[in-house]
Amino acid sequence: MSRQLIRGLRPLGGPPGLLPTASGRFFGGSAPELPAVQVRSTFLDFFRQKHGHLLVPSSPVRPRGDPSLLFVNAGMNQFKPIFLGTADPRSPMASYRRVVNSQKCVRAGGKHNDLDDVGRDTYHHTFFEMLGTWSFGDYFKEEACRMAWSLLTEHYGISADRLYVSYFGGDAASGLQSDEETRHIWLDMGVPPGHLLPFGLKENFWEMGDSGPCGPCTEIHYDHVGGRDAAKLVNANSPDVVEIWNLVFMQYNREADLSLRRLPQFSVDTGMGLERLVSVLQGKRSTYDTDLFTPLLHALHQRSRVAPYGGRTGSEDQDRVDLAYRVVADHIRTLSVCIADGVHPGMSGAELVLRRILRRAVRFCMEVLQAPQGTLASLVPTVTHLLGDVYPELHREADQIVDVINENEAQFLLSLQQGSRLIQRTLCRKDYKHGVFPASVAWSLHRDLGFPLDLVDLMLEDRGVQVDRQELDRIIAENHKVMSSVTCPVSQVSSEQAGADLSVMLDVLSLAELQRLGVPHTDDSLKYGYRLEKDRYEFPTCRATVLALYDGEALVSEVPEGRRCGVVLDLTCFYSEQGGQSHDRGYFTRHGLQDVVFPVEAVLRAGGYVVHQVTAADSLETGDQVHLHLDQVHRMSCMVKHTATHLLNFALKKVLGSSVQQRGSHVSADRLRFDFTVKGSLSVSQLQQVERCVSDMVTANQIVHSQELPLQRAKSIRGLRTVDEVYPDPVRVVSVGLPASELLDHQTDRETSVELCCGTHLLRTGDIEDLVIVSERQMVKGISRVIAVTGREAARAREAGQVLSQDVDSLAARLTGSAPSSLDSAPSSLDSAQRLSKEVGVLSDAVDSTLIPQWQRSELQARLKALQRSSNTTVRKLETREAAVRAQALLEKNGRKELLVDSVETDYLSVVMKTVNQLSSVAPLSHVMLLAHQQHSGKVLCACQVPKDSPWIAASDWAVAVCRHLGGSAGGSALVAKGTGTSSDISKALRWAEQFARQKTQR
């Protein structure tokens, strides 16, 4: 199978055919009674039109600001800020009461991972759509149950006899009573007692995580068979009785100590998988037999050289053809949706999971379905046709999706070829143990070339070989241990910081308590209250009142000295971390106690409150008056970097085209980071153009305008740059050179930088002074990351670049003058060439690691690579020339002996080796070993070569014995070997080496 993958396959032609299901029904026949499109729209319209729910678009599958998730895996992910009480009160989200949507979800990697199950059965998926409804403090259990039952039985027409309902039956250990309220609601609605079943915590109590909002849930299950009592099959993993809808009633908060506290506001979160619902309504046991998948399976069959999809599983699917059909059909949906949302196959996190998905799909396509290269990408138009109307980004990014899939597929196939060659070389090695493949090589294939370990097994199986499984398991365990030890300090630091942050970050109950007490939201408008006075930025003074204190567990009226706490003030001039910009630094002083400083460790926002995290230098009480002292140098640096980021964004679009999309950014005091979509790394010319574009705007010293506008009005601005964030309404618009009012309604054709942004910015672009891109690299295929510095750091980077450029010029001149000639035969020429070669390496390291313009780094790296090649050539020529001289002298001294052991004068092991090679070529029957005493280190250099198929001694054995005797080490093959040791008496070492060889030959 692996050989088919490596060779690739010819494209397959042939007439299109109809694709029968396991039941014999043809996909090419009439459309199902209720197509998936109508199932989805019926759900959305029912709640939107009949029950007043707001339709909220699906969020991208990349989570918004939630590092705990690789992918969005449930409909509620985007609404976490509401459940946690942290939603910005100015954002539309804060006003949500009743919401409905269809959310794109991916369950692959992390806690919810269905990847390995996909294909084995007929219902698991990595990508699925979650039809969801929410009530945020509006209706609760009864309305939720009645709406769900009405939709299923009256609008979808599902027979109530086939529906079973589970509810939370209580848990004595947790002190939780049975959810009798929900049970009575269902009974009052007419659900028979025999169809109403209690279950425990595992099945019917939903929790967001280890802590946070949670509550009992009630689930609706469907019996595919009907006409029987299927109560015992509910939650019994029966494929005939499946859960279709889960209604969660959030009424508790799980505390850090695992106790439960009632939430001040109850919410409802319901979720129903579209794929499973469609299978029920279309009368299919398998989701793959529905019209969400049949067009994909049909298109896939047209490109394959196997039979049509038959719906078989397990032992009935011995050739794994139907499993492969399901894997590819599922995975192409996941790939298309993820890439459209900016997640590309890569080397870590979600990107690594997506790379695994793509490679798994490629393998099944080519190995099992015998489809040609390019088949996977050819399915993208079908995915776009099926899902593009509800998720328009699929249409918009279709070409990009195809390109990314094709590029990654080609890279994988190239890796397979490299891996096959590596396997072959390993099997041909003399030290290879027959039948057992080295675990270290298998691990290298996995780690370095991205091979799934099961693919390594398959490739070896074709050759009748097995991996040393015990050793491989040891290496894997050791790698996990190393990775843990490497990442632990970082994660400990971040978790300690996060711990510091989280321990004083207001939780949902404290936020609700602040609102109940009528504590006003923090007025942080002073963060924008700076102005230019005589070319200097003047920042406002700020005196505030402590409104609330949070000690990590609850709101308190006082915190003692030394206690870390969160401080909520009535107003602040500090910028809280958001929009990719770092929070401000500074300190408080208490009124009347000016010499006691309260350093501000972090500034965060939660539900309209700005929380200043401090460690109390003295006691602090609510009602205290404090003076806020802003670290103005730090703030200025952040303002410079943030405005520069906007100019960089504009310049990238201008140079590379409108297809460039921002994928992330971060602004700190020392540098800025910007991620964006682009096919490949930027050329030297493109980097220079981007820097010139920014420089032109800086030199023009344009005014930076900031203006608040209604969100919808702001979105009508031509050329507006936005990212996937929840924006407040009204929203702040930052534009360069022209105020937002002039950019509205196309009042001007002039292009400029304009973005929705809550960050703090300069008032004039000239204050940036300069911008230098010091790094640009592809994070994953299709997404690049730029790092840039400004002002003095930019000037220093340019100066460093000039110095390194001059160093390279000087070195190039010296290398040109050191080329070997007929007169250069002295060892000093080789010494000089070796020194210059080392200088090239040292200078290359300096160019790689020094902060200089990236365009200049690329140029210098290219020059240094050429110089290194030239230098290596010069060294090799001089070494060969010196070796020829040494070999001739040794031949004249010793003749063509059967055993030649002697010394040679040189400081280079490569010269010793070349001399041995030349002696052996002249005297192929000689056993040759040469030793050299390295002057500057005192080491003994050793090299040897023996005739092919020598019956007496292997070169590696000879070198290892001699070097070990000299306290060193050696290695090589049966024919040639080299090593090093230490000895003050080389004559004694020569005698020992010759005696060892003679003992072997006499045997």
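Thresholds applied
Residues numbered from 1 in each chain as written. Predicted model: local features only at pLDDT ≥ 70, side-chain atom pairs only at ≥ 80, totals over all residues. Heavy atoms only, no water. Salt bridge = Lys/Arg side-chain N within 4 Å of Asp/Glu carboxyl O. Helix = DSSP H or I, 4+ residues; strand = E, 2+ residues; numbered from the N terminus. Buried < 20%, exposed > 50% of the residue type's maximum accessible area, 1.4 Å probe, protein only. Phe/Tyr/Trp six-rings, centres within 6.5 Å; stacked < 30°, edge-to-face > 60°. UniProt positions renumbered as here; feature names shortened; annotations may be inferred. Contact = heavy atoms within 4.5 Å. Pairing = 2+ DSSP bridges. Axes fitted to C-alpha atoms, helices over the stretch in contact; angles between N-to-C directions. Left-handed = near helix turned anticlockwise from the far one by under 90°. Nonpolar A, V, L, I, M, F, W, Y, C, P; charged D, E, K, R; others polar. Disulfide = S-S within 2.5 Å. Core = buried A, V, L, I, M, F, W, Y, C linked by side-chain atoms within 4.5 Å. Polar contact = N/O pair within 3.5 Å; in protein donor to acceptor, adjacent residues only side chain to side chain.

1. Description of the pattern of salt bridges
And then number 1: For the structure on display, the rule yields 40 salt bridges.
And then number 2: Where Glu393 meets Lys104, a salt bridge forms, and the shortest distance between an N and an O atom there is 2.4 Å. In this pair, Glu393 is assigned in helix 13 (residues 393-396) and Lys104 in strand 2 (residues 98-106), connecting sequence segments 289 residues apart. Here the two residues Glu393 and Lys104 agree in accessibility, since each one is buried.
And then number 3: Ionic pairing is found between Arg814 and Glu839, a salt bridge with its closest N-O pair at 2.8 Å. Within this pair, whereas Arg814 is found in helix 23 (residues 791-817), its partner Glu839 is found in helix 24 (residues 827-849), the two being separated by 25 residues in sequence.
And then number 4: Connected through shared salt-bridge partners, Arg312, Asp317, Asp319 and Asp322 make up one network.

2. Digging into the packing of aromatic side chains
And then number 1: For the structure on display, the rule yields 20 aromatic pairs.
And then number 2: Between the aromatic rings of Phe79 and Tyr96, the centroid separation amounts to 6.2 Å while the plane-to-plane angle is 75°, which identifies the pairing as edge-to-face. You can see Phe79 sitting in the loop between strand 1 (54-55) and helix 3 (80-84) and its partner Tyr96 sitting in the loop between helix 3 and strand 2, a full 17 residues away along the chain. For the pair formed by Phe79 and Tyr96, the shared burial category is buried.

3. Description of the UniProt feature "binding site: Zn(2+)" (unreviewed entry) in the chain
And then number 1: Within the UniProt annotation, "binding site: Zn(2+)" (unreviewed entry) is assigned to His642, His646, Cys757 and His761. Their sequence span is 120 residues, while the largest C-alpha to C-alpha distance among them is just 9.8 Å; these annotated residues converge on one region.
And then number 2: Note on placement: His646 falls in helix 19 (residues 632-656).
And then number 3: A relative accessible area of 4% means that His646 is categorised as buried.
And then number 4: Residues contacting His646, with those up to four places away along its chain left out, are Val734, Ser753, Glu755, Cys757 and His761.
And then number 5: Here Cys757 is to be found in the loop between strand 27 (754-756) and strand 28 (771-780).

4. Quick notes on the sheet that holds strand 23 (residues 662-667)
And then number 1: The sheet built from 4 strands is open, its strands ordered 23-24-29-28 with antiparallel pairing. Of all strands in the sheet, those with a lone pairing partner are strand 23 and strand 28, marking the two edges. Shown here is a sheet whose adjacent strand axes are inclined to one another by a mean of 15°, direction ignored.
And then number 2: In the sheet, strand 24 (residues 672-677) pairs with strand 29 (residues 783-790) via 6 bridges, with the strands oriented antiparallel.

5. Things to note about the environment of Ala36
And then number 1: Along the chain, Ala36 falls in helix 2 (residues 36-50).
And then number 2: Overall, Ala36 belongs to the buried group, its relative accessible area being 3%.
And then number 3: In this structure, the C-alpha to C-alpha distance between Ala36 and Gln318, residues 282 residues apart in sequence, is 31 Å.
And then number 4: Discounting residues that sit within four places of it in the chain, Ala36 has contacts with Leu274, Val278, Gln282, Asp291 and Leu292.

6. Some details on the packing of helix 9 (residues 321-340) against helix 14 (residues 398-428)
And then number 1: At a minimum axis distance of 9 Å, the contact between helix 9 and helix 14 shows a crossing angle of 115°. Like other packed secondary-structure pairs, helix 9 and helix 14 cross with a definite hand, here right-handed. Between helix 9 and helix 14, the contacting residues are Ile332, Leu335, Ser336, Ile339 and Ala340 on the first element and Gln400, Ile401, Val404 and Ile405 on the second.
And then number 2: Looking at the contact of helix 9 with helix 14, its residues break down into 7 nonpolar, 2 polar and no charged.

7. Overview of the pairing of strand 28
And then number 1: Summarising the sheet, strand 28 and strand 29 pair through 8 bridges and their orientation is antiparallel. Bridged to Val772 within strand 29 is Val789.
And then number 2: In textbook terms, the turn of a hairpin is the stretch between consecutive antiparallel strands, and for strand 28 and strand 29 this stretch comprises 2 residues, one of which, Gly782, has a positive phi near 100°.

8. Quick notes on the state of the cysteines
And then number 1: This structure, assessed with the given rule, holds 0 disulfides.
And then number 2: Free cysteine Cys145: the closest other cysteine sulfur is in Cys217, separated by 11 Å.
And then number 3: With relative accessibility at 0%, the residue Cys145 sits in the buried group.
And then number 4: Free cysteine Cys542: the closest other cysteine sulfur is in Cys573, separated by 4.5 Å.

9. Considering the nonpolar core
And then number 1: Counting residues in each nonpolar core, the largest one holds 119 residues, and the members touching the most others are Phe43, Leu152, Tyr156, Ile220, Trp245, Leu376 and Ile405.
And then number 2: Ranked by the residues each element gives to this core, the list is headed by helix 9, at 13 residues.
And then number 3: Once you skip the residues sitting within four places of it in the chain, Phe43 turns out to touch Val100, Asn101, Leu131, Gly132, Thr133, Leu151, Tyr156, Trp245 and Met272.
And then number 4: Listed in part, the 33 residues of the second largest apolar core include Met639, Val640, Leu672 and Val694.

10. Brief notes about the side chain of Ser336
And then number 1: Along the chain, Ser336 falls in helix 9.
And then number 2: Within polar-contact distance, the side chain of Ser336 engages the backbone oxygen of Ile332 at 2.8 Å.
And then number 3: Here Ser336 is in contact with Val380, Val383, Leu394 and Ile401, once residues within four sequence places are set aside.

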